[in-house]
Amino acid sequence: DILVVGSINMDIINKVERHPSVGETISALETETGPGGKGANQAVAASRMGSQVTLAGAVGTDSYGEELLALLNGENVNTERIMVKEGLTGLAFITVNGAGHNHIIVSPGANEKLSEADLLPLMPELNQAKALIVQNEIPWAVSAYIIKEARARNVKVLVNPAPVEHFPVTILPSIDLLIVNQHESEALTGLQAKDHVQAVQAAQRLLDLGANAVVLTLGEQGVIYLDRNGEYFREAFQVSAVDTTAAGDTFIGALASSIVKGKATQEAVDWACAAAAICVTRKGAIPSIPYWEEVRALIEE
Ligand code: ADP
């Protein structure tokens with residue numbers, strides 16, 4: 001049902017009392033590894049919501065690559081279109097201090113080695129797909145190519161321009177549904193989106209720039225959906241957040257899954273909000289992503 005073309009990383013997370021200064025060596029309080037990358041997270045989120053998901057991307061020839069492939073298979077994500085590229089898997093080095101503030105260094109590894117030619121075997125899957133999801137953690141030419149092929153086949157194109165640096169706004173008219181958070185929205189429009197009024201203006205600007213529909217997520221304030229027929233605002237579910245990692249990715253995977261199941265846009269946004277709300281009540285990236293039954297339970301509460 002859903003094709004995700006995007007990044008696959010191993011996250012290496014160090015908890016520290018405080019970040020080191022230049023030239024300083026400190027000891028971590030705790031170190032963990034865990035699967036990550038926006039492509040992998042969004043693919044797992046859609047799969048846990050019950051969709052058939054194919055993830056296309058690349059891992060390296062190191063043991064992290066094998067570990068990630070096994071993990072994604074265990075999540076019912078089709079990994080047949082994940083390439084194994086000589087060298088390192090994508091790595092994200094994350095340091096979190098006592099106040100919960102993080103520093104992140106991403107080493108793109110295999111993600112950066114993906115080429116347009118690597119996607120040629122994907123065309124049969126694309127012919128079958130109802131939706132394509134892409135982010136911005138692989139070479140942009142590869143994402144642009146698959147977007148063009150999806151449009152030619154009338155496959156719904158969902159784009160999450162994250163990270164937003166070097167994202168070309170000229171692609172917006174080719175996007176059926178653009179999903180941005182406040183930071184990405186501001187980077188694309190130059191407009192702040194701190195409150196509801198500002199957010200509607202920013203989303204309107206994104207429509208003016210050519211997007212066909214926009215979802216602007218506002219963290220604990222909720223989310224705005226805007227297309228040329230009007231606006232839908234959904235408040236966030238009231239939960240006690242412990243870790244917002246992967247909230248946006250969970251939102252997008254659940255949104256895509258709901259849309260592909262044929263839910264109307266507003267209902268799909270509600271489900272995505274519920275999924276993301278459960279995600280923020282749990283620690284970690286992929287371990288925090290809920291299953292369909294859990295999301296339904298919150299919706300029906
Ligand atoms: P990102 O993770 O990309 O920065 P946001 O912070 O906007 O994106 O979060 C995405 C969605 O997750 C929000 O629209 C909201 O539905 C949900 N969410 C995020 N933080 C909270 C929270 N504290 N309480 C409830 N829902 C939240």
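Residues numbered from 1 in each chain as written. Predicted model: local features only at pLDDT ≥ 70, side-chain atom pairs only at ≥ 80, totals over all residues.

Student: Tell me about the pairing of strand β11 (residues 177-181), residues and numbers included.
Tutor: Burial within β11 is extensive, with five of its five residues counted as buried. Taken together, the two bridges between strand β10 (residues 156-159) and β11 define a ladder with parallel strand orientation. Across the sheet, leucine 158 pairs through a bridge with leucine 177, a residue of β11. Relative to strand β12 (residues 213-217), β11 is paired through four bridges, and the arrangement is parallel. (Buried ≥ 20, exposed ≤ 12 C-beta atoms within 10 Å, placed from the backbone. Helix = DSSP H or I, 4+ residues; strand = E, 2+ residues; numbered from the N terminus. Pairing = 2+ DSSP bridges.)

Student: Which residues make up the site of the ligand, and what are the values?
Tutor: With respect to spatial proximity, 19 residues lie near the ligand, and among them Thr217, Gly219, Glu220, Gly248 and Ala276 are the closest. Take the shell around the ligand: its biggest share by element is four residues, from helix α8 (residues 265-280). In terms of residue class, the shell around the ligand is made up of twelve nonpolar, six polar and one charged. (Near = placed C-beta within 6 Å. Nonpolar A, V, L, I, M, F, W, Y, C, P; charged D, E, K, R; others polar.)

Student: Tell me about the packing of helix α7 (residues 247-260) against α8, and name the residues and values.
Tutor: Close contact between α7 and α8 brings their axes to 8 Å; oriented N to C, the two are set at 145 degrees. Remark: the crossing between α7 and α8 carries right-handed chirality. Touching Ala247, Thr250, Phe251, Ala254, Leu255, Ser258 and Ile259 of α7 are Glu267, Ala268, Val269, Trp271, Ala272, Ala275, Ala276, Cys279 and Val280, all from α8. Tallied by class, the residues present in the contact of α7 with α8 amount to 13 nonpolar, two polar and one charged. (Axes fitted to C-alpha atoms, helices over the stretch in contact; angles between N-to-C directions. Left-handed = near helix turned anticlockwise from the far one by under 90°. Contact = placed C-beta atoms within 7 Å.)

Student: Lay out unusual backbone geometry with the relevant residues and their values.
Tutor: Note that the residue after alanine 162, namely proline 163, is joined by a cis bond; omega there is -5 degrees. As for its placement among the helices and strands, proline 163 is situated in the loop between β10 and β11. The phi torsion at asparagine 76 lies on the positive side, around 65 degrees, for a residue other than glycine. Its 14 C-beta neighbours within 10 Å are what place asparagine 76 among the partly exposed residues. Unusually for a residue other than glycine, alanine 246 sits at a positive phi of about 70 degrees. Among the structural elements, alanine 246 can be located in the loop between β14 (230-234) and α7. Here alanine 246 falls in the buried class, since 25 other C-beta atoms lie within 10 Å of it.

Student: Give me the lowdown on the UniProt feature "binding site: substrate" (unreviewed entry) in the protein chain, citing residues and values where you can.
Tutor: Per the UniProt entry, the sites bearing "binding site: substrate" (unreviewed entry) are Asn9, Met10, Asp11, Gly37, Lys38, Gly39, Ala40, Asn41, Glu137 and Asp249 in this numbering. The topology assignment puts asparagine 9 in strand β2 (residues 9-15). Accessibility expressed as a C-beta count within 10 Å gives 29 for asparagine 9, which makes it buried. In this structure, aspartate 11 sits in strand β2. Here aspartate 11 is in contact with Thr33, Gly34, Gly36, Ala92, Ile94 and Ala285, once residues within four sequence places are set aside. (UniProt positions renumbered as here; feature names shortened; annotations may be inferred.)

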